[in-house]
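# Examination of the molecular architecture
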Amino acid sequence: MRAARHARLDVLVARGGELERNYPFGLVLDLFGSILRDERDRDELLRGPADLARPLFETARAAHDEPASDPFPTLHGLFWLTVNAAERGPLVLIVDDAHWADDASLAYLHYLAQRIDQLAVVLVVAFRSGEAAASEGQPLMSSEAQRLRPAPLSVDAIAE
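Here's what I pulled together on the structure shown here. (Residues numbered from 1 in each chain as written. Predicted model: local features only at pLDDT ≥ 70, side-chain atom pairs only at ≥ 80, totals over all residues. Heavy atoms only, no water.)

### Topic: the pairing of strand β3 (residues 121–125)
Here is the rule: Two strands qualify as a pair provided DSSP detects at least 2 bridges between them. Here a helix means four or more residues in a row that DSSP labels H or I, a strand means two or more in a row labelled E, and each is numbered from the N terminus. Seen with the strands pointing away from the viewer, any crossover whose path from the first strand over the helix to the second strand runs clockwise is right-handed.
As judged from the five bridges shared by strand β2 (residues 91–96) and β3, these two strands associate in the parallel manner. Bridging from a neighbouring strand, V95 pairs with V125 of β3. Once the chain exits β2 it traverses helix α6 (residues 103–113) before rejoining the sheet at β3, and the crossover so formed is right-handed.

Set out below in structure tokens:
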């Protein structure tokens, strides 16, 4: 992450959590929250088809609101939010603990992964092996994807 920021890439980070796993698009809200705080930025980034995702980021949205019965418009809007953010400069999206992410956020990551090839976007998603993801069977792979499986940490590495 430091290297990406040093290279002046925009880096957005989110982490799945057990408590948020039942909150639709909770991980997405965390991922994009930092760049949508300012009203002018929000209007710029949620222009065009990205406006379909605007309801997710409105402050009046109650935590108990049910997601729309058809998730496609929201997923499409989030994709275009990503496109708009990448137009500002190369973008790195980092998602940690995706095995605890909510289903709606995983659907967005899957939707993005299938269309990412033509974007100036790097998507890094970390799952803990041996744990079930919130949404089994949704591979986050594209034709450009690389799967890395680091070896377990040694005792010395854990201590460090």
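Additional details are given in the paragraphs that follow.
### Describing the nonpolar core
Stated precisely, the cut-off is as follows: By nonpolar core we mean a set of buried residues, namely Ala, Val, Leu, Ile, Met, Phe, Trp, Tyr and Cys, connected to one another through side-chain atoms within 4.5 Å. The buried label applies to any residue whose accessible area, calculated with a 1.4 Å probe on protein chains only, is under 20% of its type's maximum; exposed applies above 50%, and partly exposed to all values in between.
By size, the foremost hydrophobic cluster in this structure holds 36 residues, and its most contacted members are F32, L36, F57, L78, L81, L93 and Y108. The set of elements that each furnish at least two residues to this core consists of β1 (10–15), α2 (26–33), α4 (54–57), α5 (72–87), β2 and α6.

### Section: the packing of aromatic side chains
Selection criterion: Ring pairs shown here join Phe, Tyr and Trp side chains whose ring centres sit within 6.5 Å, with only the six-membered ring taken for Trp; geometry is labelled stacked below 30 degrees between planes, edge-to-face above 60, and tilted in between. In our convention, an over-ring charge means Lys NZ or Arg CZ found within 6 Å of a ring centre and within 35 degrees of that ring's normal.
Scanning the model with the defined rule gives four aromatic pairs in all. Measuring from ring centre to ring centre gives 6.1 Å for F32 and Y108, while their planes differ by 70°; the resulting arrangement is edge-to-face. With F32 in helix α2 and Y108 in helix α6, this pair connects stretches of sequence that are 76 residues apart. Exposure class is identical for F32 and Y108. Each is buried. On the basis of an interplanar angle of 85° and a centroid distance of 5.6 Å, the ring pair of F79 and W80 is categorised as edge-to-face. Residue classification places F79 among the buried residues on the basis of a relative accessible area of 10%. With relative accessibility at 28%, the residue W80 sits in the partly exposed group. Put simply, the rings of F72, F79, W80 and Y111 touch in pairs and so form one group of aromatic residues. Across from the ring centre of Y111, 3.6 Å away, lies the NZ or CZ of R115, which sits over that ring.

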